[in-house]
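So the chains spell out like this:
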Amino acid sequence: RTLLRPLAAAAPTKAGLIDGKKIAEDIRKEIAAEVQQLQQAAGRAPGLAVVLVGARKDSETYVRSKKKACAEVGFESYGTDLPEDVSQEELLNVVAQYNADPKVSDMIFVMYALLLYGMLD
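Residues numbered from 1 in each chain as written. Predicted model: local features only at pLDDT ≥ 70, side-chain atom pairs only at ≥ 80, totals over all residues. Heavy atoms only, no water.

Undergrad: Teacher, can you tell me more about the overall build of the protein chain here?
TA: When its secondary structure is counted, the protein chain shows four helices and three strands. Helices (α) and strands (β) of the protein chain occur, in sequence order from the N terminus, as α-β-α-β-α-β-α. Burial statistics for the protein chain: of 121 residues in total, 23% are counted as buried. Counted over contacts in the protein chain with a minimum sequence separation of 6, partners at least 24 positions apart contribute 73%. In the structure as shown, the protein chain presents an accessible area of about 9,300 Å², 56% of it carried by carbon and sulfur atoms. (Helix = DSSP H or I, 4+ residues; strand = E, 2+ residues; numbered from the N terminus. Buried < 20%, exposed > 50% of the residue type's maximum accessible area, 1.4 Å probe, protein only. Contact = heavy atoms within 4.5 Å. Areas by Shrake-Rupley, 256 points an atom, 1.4 Å probe, with all protein chains shown as cover.)

Below is the structure:
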């Protein structure tokens, strides 16, 4: 017997409105509580490094939103802005610096796909 049932066989439910802002707020609160526990256990908060390549307004807005989200839940955030014409070597140096930093738990790279394609050998 399969765990998945056809949609038609599912029990009927009443449709209702979802309060997305409330759900997001609840999730942020849960994450903040977990971050606080992690800080107590490990002595530090998780750290997110964001590397922005180029100066697109939409990318800059996205990066600001990630930094704001970090602050809301207690993550540390770090950022490096690089020019659109950054070399592969320069970009890899930034990656190596963040990889060597014990305060950085994760990284996000924000760049045009065409820029990345031009860096590939």
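Moving on from the coordinates now.
Undergrad: Help me understand helix H3 (residues 88-100), please; the structure alone is not making it clear to me.
TA: It helps to recall that an α-helix has 3.6 residues per turn; residues three or four apart then point in one direction. With 13 residues, H3 extends 18 Å between its outermost C-alpha atoms, agreeing within 8% with the 18 Å of an ideal straight helix rising 1.5 Å per residue. For H3, the set of buried residues is Leu91, Val94, Val95 and Tyr98. Projected onto a plane normal to the axis of H3, the buried residues spread over an arc of 100° and lie on a single side. Exposed residues lying more than 90 degrees from the buried face of H3 are Glu89, Gln97 and Ala100. (Expected span 1.5 Å × (residues − 1). Arc of directions from axis to C-beta.)

Undergrad: I keep staring at a negative patch on the surface and nothing clicks. Help me out?
TA: Taken together, the side chains of Glu84, Asp85, Glu89 and Glu90 make up a negatively charged region of the molecular surface. Overall, Asp85 belongs to the exposed group, its relative accessible area being 65%. (Patch = residues over 30% accessible without salt bridge, like charges linked within 9 Å, V, L, I, M, F, W, Y side chains within 5 Å. Salt bridge = Lys/Arg side-chain N within 4 Å of Asp/Glu carboxyl O. Lys, Arg positive; Asp, Glu negative; His and termini not counted. Charge placed at Lys NZ, Arg CZ, Asp CG, Glu CD.)

Undergrad: What am I meant to see in the confidence of the model for the protein chain here?
TA: For any part of a model where pLDDT is low, the fine detail of the predicted coordinates should not be relied upon. Per-residue confidence for the protein chain gives a mean pLDDT of 86; residues scoring 70 or more make up 82%. Predicted confidence for residues 1-5 stays below pLDDT 50, and this span has two contacts to residues more than four positions away or in other chains. (pLDDT = per-residue confidence, 0-100.)

Undergrad: Mind showing me how you'd approach the nonpolar core here?
TA: Side chains of nonpolar character tend, in soluble globular proteins, to be buried together. Membership of the largest hydrophobic core is limited to twelve residues, which are Ala49, Val51, Val53, Tyr78, Leu82, Val86, Leu91, Val94, Val95, Tyr98, Val104 and Met107. Where this core is concerned, the elements lending two or more residues are strand S1 (47-53), strand S2 (76-82) and H3. Of all the elements, H3 adds the most residues to this core, at four residues. The residues touching Leu82, leaving out its near neighbours within four places in the chain, are Val51, Leu52, Val53, Gly54, Leu91 and Val94. (Core = buried A, V, L, I, M, F, W, Y, C linked by side-chain atoms within 4.5 Å.)

Undergrad: What's the story with helix H2 (residues 57-73) in this structure? I'm lost.
TA: Between its terminal C-alpha atoms H2 stretches 25 Å, which fits the 24 Å expected from 17 residues at 1.5 Å a residue. Buried within H2 we find Ser59, Val63, Cys70 and Val73. Taken down its axis, H2 places every buried residue within 100° of arc, on the same side. Residues of H2 that are exposed and angled more than 90 degrees away from the buried face: Lys57, Arg64, Lys68 and Ala71. Packing partners of the buried residues in H2 comprise helix H1 (20-42), S1, S2 and strand S3 (106-110).

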